[in-house]
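If you want the building blocks of each chain, they are given just below.
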Amino acid sequence: MLLPLIAFLACLLAPVSSDAQQSDWNVYQKQLIDQAEQTKLAEQREWHLLLHYRKSLFGGYESEQDDPGFFLSPKGKRDPAAELAATLAQFFSIDLVGRSKQPAQCAFIARYHWLKEQLQFDPTRLPPITCERFDQWYEDFEVQSISLIFPAAFLNNPASMFGHTLFRVDQKGQTEQTRILAYTINYAAEVPPNAGLAYPIRGIFGSYKGYFSTIPYYLKVQQYRDIENRDIWEYRLNLTGKQLRRFLMHAWELGNAYFDYFFFKENCSYHILALLDYADPTLHLTDEFIGWTVPADTIRLVVSKPGLVSDITYRPSRSTVIRRKREALPAAERDLAHRMTQDVGVLTSSAFAQLGPAKQAFLLDLASDYLRYRTETTDSPKLEWKERNRVVLTTRSQIRIPSEEFPVHPFAKQPELGHKIHRVAIGGGWRNNDTFEEATFRGGYHDLLDPEVGYTPDAQIEMASVTVRHYNQTGQTRVERATLLNLLSLSPIDSVFHAPSWKLNVGMNTIRHHDCQLCSNGFFNGGIGGAKELRLLNREVLFAFAETEASISRAYHEMHRIGGGGIVGILADMNERWKIMATGSYLKFPLGDKSDDFRWYVGSRFTLAQNWAVRLEYNHRDRDNDVLFSVQAYF
């Protein structure tokens, strides 16, 4: 960059021609701005993509960018024409701008190249600046292609409840095995350590800043696959050489600023789609997301574009590998592998010695996988785990045969095969001595009885759901149910994995209590428990929770009641299309309205198509019986 800057300065300082040179720059600058106005460049889609302009509610435009340093005009956030004129003017200057402190030609290199292409800059009147920092950054990528990466949902971290998306820049000459050494382009909120539940709450209202970053892929794999135990799906994209360069140029620009991070809308998935939109302006990806953006929906959208995805690769989490390897073993060998992790003396036992070399190698690999898993996922790992793993690996090195390739099949298929996140349902049924019809809208996302393909097994996230029901005998139409948030995670326990199951439900329902036949009841319910997987029929998960509940309703003598109890249940996959769930619970309320509840529920879902299902459900609580049949559509 030094020589062009010296030339620039030499022109400025030349005693004879400086005034003439400045005058010519002023004239040429005005010519370019006039030309841009005549051709209405500020109205073109690509300029709006570069500045992230959206039409505002009251007319005009507003940029989703929130960093003042991203704009070269004081009016740039809301005035595309003013920003274009200021950008052209700044290209004649070597002043350092933006967070990266570079001349405008380099800080906003995608803008520069697009405007240069549209206006055919005269290099003698607008001298180009060599952008060494960008050139080195771009060359280091050695880009051959771009892959969209989807780490699956992880309920135990609020930031990852819906999954995540990022890009990997695939280099020339890399293989599927060496792509882990590539770099990623990631967008995420800057969140202080130990933010916990403050993250989604503050994130809903845009209280965090979101930044683009370039991080080695192996670090992201370590975080998602090895520590958080999330399967990863990789989607190789078909982009031309020109599109790849446009993609990276705009990524460079976005590293120069921040967006306000909104958990449901302007999140990790939304803003990275903007890079693809600029790489290929015909895609219109971000235009599809108005209310909120869910990572799985962005994957579905990208895959739906003809020819955009060329290849899909599955990278299983360490826990998935361990579970699948254990499933492949008979019970005795499975127990032997587990005992190796508890006592390395098993390695000298007759039970181990009588196995063939290939089987010994397999069990040692499995034991090492588990010990590494415990070491890397535990806050305070025991020193003996590392020592046991050292002994296991030493023993493994003495068996001089390579590990056989073990095909790992995912527990959840790729997300684009799953149902869409919004749901409407039309149904009817019987409650006590009355019949009814009802309609339900759910903003998102997935419950335990929904078709499971493409979603994390045994996990539930329901948000923004409301049911309106009409009772025929009483002629009453009312809001029957509303869900603010309903989370449930079942983590089957076995001899290796011991994660607890948990639940949280906040909303309102309609109850029958005392003299009130149909009363609104606001409630908060939470619990912790355990789950166990069985294979008696196909696949069943038994679960039990200790739970607490607080309710507010005019049906109660003191307007409220607080208590606790327990719930047991079973979730069973009868086949790929048919699932049933049954629960029974008892809660006693010693505070407020002193009462108790016996409740049970039986539900059955049959999948008609990817986005169509029917359900039959029965609810009982305290002399209140409700039978519902519904048809559900996902969109």
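That block above? That's the structure.
Residues numbered from 1 in each chain as written. Predicted model: local features only at pLDDT ≥ 70, side-chain atom pairs only at ≥ 80, totals over all residues. Heavy atoms only, no water.

Asker: Any chance you could explain a nonpolar patch on the surface here in plain terms?
Answerer: On the surface, Trp578, Phe606, Leu608, Trp612, Leu616, Phe629 and Val631 cluster together to form a nonpolar patch covering roughly 660 Å² of accessible area. Counting residues per element, the ones that place at least two in the nonpolar patch are strand 19 (595-609), strand 20 (612-621) and strand 21 (625-634). Here Leu616 shows up in strand 20. (Patch = residues over 30% accessible without salt bridge, like charges linked within 9 Å, V, L, I, M, F, W, Y side chains within 5 Å. Areas by Shrake-Rupley, 256 points an atom, 1.4 Å probe, with all protein chains shown as cover. Salt bridge = Lys/Arg side-chain N within 4 Å of Asp/Glu carboxyl O. Helix = DSSP H or I, 4+ residues; strand = E, 2+ residues; numbered from the N terminus.)

Asker: Quick question: what am I supposed to make of the nonpolar core here?
Answerer: For soluble globular proteins, the rule of thumb is that nonpolar side chains tend to be buried together. One finds Leu88, Phe121, Phe167 and Leu276 to be the most contacted residues of the largest nonpolar core, which totals 99 residues. It is helix 11 (residues 268-279) that contributes the most residues to this core, eight residues altogether. Once you skip the residues sitting within four places of it in the chain, Leu276 turns out to touch Phe167, Leu237, Leu239, Phe247, Leu283, Leu285 and Val302. Membership of the second largest hydrophobic core comes to 23 residues, among which are Val346, Leu347, Leu355 and Phe362. (Core = buried A, V, L, I, M, F, W, Y, C linked by side-chain atoms within 4.5 Å. Buried < 20%, exposed > 50% of the residue type's maximum accessible area, 1.4 Å probe, protein only. Contact = heavy atoms within 4.5 Å.)

Asker: Where do I start with the sheet that holds strand 10 (residues 423-431) in this structure?
Answerer: Each strand in a sheet pairs with its neighbour through backbone hydrogen bonds, running either in the same direction (parallel) or in the opposite one (antiparallel). In space, the twelve strands of this closed barrel follow the order 10-11-12-13-14-15-16-17-18-19-20-21, with antiparallel pairing throughout. The mean angle between the axes of side-by-side strands here comes to 20 degrees, regardless of whether they run parallel or antiparallel. By the bridge criterion, twelve bridges tie strand 18 (residues 578-592) to strand 19 in an arrangement that is antiparallel. Each bridged residue has a counterpart across the sheet, and for Trp578 the counterpart in strand 19 is Phe606. (Pairing = 2+ DSSP bridges. Axes fitted to C-alpha atoms, helices over the stretch in contact; angles between N-to-C directions.)

Asker: In this structure, what is going on with the packing of aromatic side chains? I would like to understand it.
Answerer: For any pair of aromatic rings, geometry is given as the distance between the ring centres together with the angle between the planes. Scanning the model with the defined rule gives 30 aromatic pairs in all. Consider the rings of Phe70 and Phe71, whose centres lie 5.7 Å apart with planes at 90 degrees: the pair is edge-to-face. Across the pair, exposure class does not vary: Phe70 and Phe71 are buried alike. An angle of 50 degrees between the planes, with centres 5.7 Å apart, marks the rings of Tyr112 and Phe121 as tilted. Just as Tyr112 is buried, Phe121 falls in that class too. Taken together, the aromatic side chains of Phe162, Phe263, Phe264, Trp292, Tyr445 and Tyr455 make up a single cluster linked through ring pairs. Lying over the aromatic face of Tyr138, Arg245 brings its terminal NZ or CZ to 4.7 Å of the ring centre. (Phe/Tyr/Trp six-rings, centres within 6.5 Å; stacked < 30°, edge-to-face > 60°. Lys NZ or Arg CZ within 6 Å of the ring centre and 35° of its normal.)

Asker: I tried to follow the sheet that holds strand 7 (residues 232-237) on my own but got confused; where do I start?
Answerer: Here we have seven strands laid out as an open sheet, ordered 8-6-5-4-3-7-9, and antiparallel in their pairing. Strands with a single pairing partner mark the edges of an open sheet, and in this sheet they are strand 8 (258-261) and strand 9 (309-315). This sheet shows a mean twist of 30 degrees between the axes of neighbouring strands, independent of strand direction. The sheet contact formed by strand 3 (residues 143-151) and strand 7 spans six bridges and is antiparallel. Note on strand 7: the bridge partner recorded for Phe150 is Trp233. Taken strand by strand, helix 12 (residues 295-304) contacts strand 3, strand 7 and strand 9, and its axis lies near 140 degrees from that of strand 3.

Asker: What is the right way to look at the environment of Leu285 in this model?
Answerer: Relative to the helices and strands, Leu285 resides in the loop between helix 11 and helix 12. For Leu285, a relative accessible area of 0% translates into the label buried. On a C-alpha basis, the gap between Leu285 and Leu273 in space is 6.3 Å, while along the polypeptide they are twelve residues apart. With sequence-adjacent residues up to four places away left out, Leu285 is seen in contact with Leu273, Leu276, Asp277, Leu301, Val302 and Lys305.

Asker: What is the right way to read the pattern of salt bridges from this model?
Answerer: Any two side chains of opposite charge can pair, given that their charged atoms come close. Under the definition given, this model contains 55 salt bridges. Between Arg615 and Glu617 there is a salt bridge whose closest N-O contact spans 4.0 Å. Comparing Arg615 with Glu617, the two get one shared label, buried. Salt bridges sharing common partners tie together Arg324, Glu327, Glu452, Asp458, Glu533, Arg535, Arg539, Asp573 and Lys579.

Asker: Which parts of the structure should I look at to understand the state of the cysteines?
Answerer: For the structure shown, the criterion picks out two disulfides. Each sulfur in the disulfide pair Cys106 and Cys131 lies 2.0 Å from the other. Across the S-S bond linking Cys106 and Cys131, the dihedral sits near -85 degrees, which makes this disulfide left-handed. Here Cys131 lies in the loop between helix 6 (109-119) and helix 7 (132-141) and Cys106 lies in helix 5 (residues 104-107), a separation of 25 residues in the sequence. For the pair Cys106 and Cys131, one class covers both residues: buried. Between the sulfur atoms of Cys516 and its disulfide partner Cys519 the distance amounts to 1.4 Å. Measuring the twist about the S-S bond at about 95 degrees, one finds the Cys516-Cys519 disulfide to be right-handed. Cys516 gets classed as buried once you look at its relative accessible area, which sits at 11%. Sequential numbering of the bridged cysteines in the chain gives the disulfide pattern 1-2, 3-4. (Disulfide = S-S within 2.5 Å.)

Asker: Is there a simple way to explain the side chain of Glu617 in this structure?
Answerer: Examined against the element boundaries, Glu617 turns out to sit in strand 20. The class for Glu617 is buried, based on a relative accessible area of 15%. Here the side chain of Glu617 touches Tyr601 through a polar contact of 2.8 Å, side chain to side chain. (Polar contact = N/O pair within 3.5 Å; in protein donor to acceptor, adjacent residues only side chain to side chain.)

Asker: Quick question: what am I supposed to make of the pairing of strand 11 (residues 434-446) here?
Answerer: Across a regular strand the side chains alternate sides, sitting on one face of the sheet and then on the other. Of the pairings in the sheet, the one linking strand 10 to strand 11 comprises nine bridges and is antiparallel in character. Each bridged residue has a counterpart across the sheet, and for Gly428 the counterpart in strand 11 is Glu437. A loop of two residues connects strand 10 with strand 11, the two strands running antiparallel in sequence, and Asn432 in this loop sits at a positive phi of about 50 degrees.

Asker: Is there a simple way to think about the packing of helix 4 (residues 80-90) against helix 6 in this case?
Answerer: If you want to describe how two helices pack, look at the angle between their axes and the distance between the axes. Two elements in contact, helix 4 and helix 6, have axes whose closest approach is 11 Å; the angle formed by their N-to-C orientations is 95 degrees. Viewed along their axes, helix 4 and helix 6 adopt a mutual orientation that is roughly perpendicular. The residues of helix 6 that touch helix 4, namely those facing Glu83, Leu84, Thr87 and Leu88, are Arg111, Leu115 and Leu119. (Parallel < 35°, antiparallel > 145°, perpendicular 65-115°, else oblique.)

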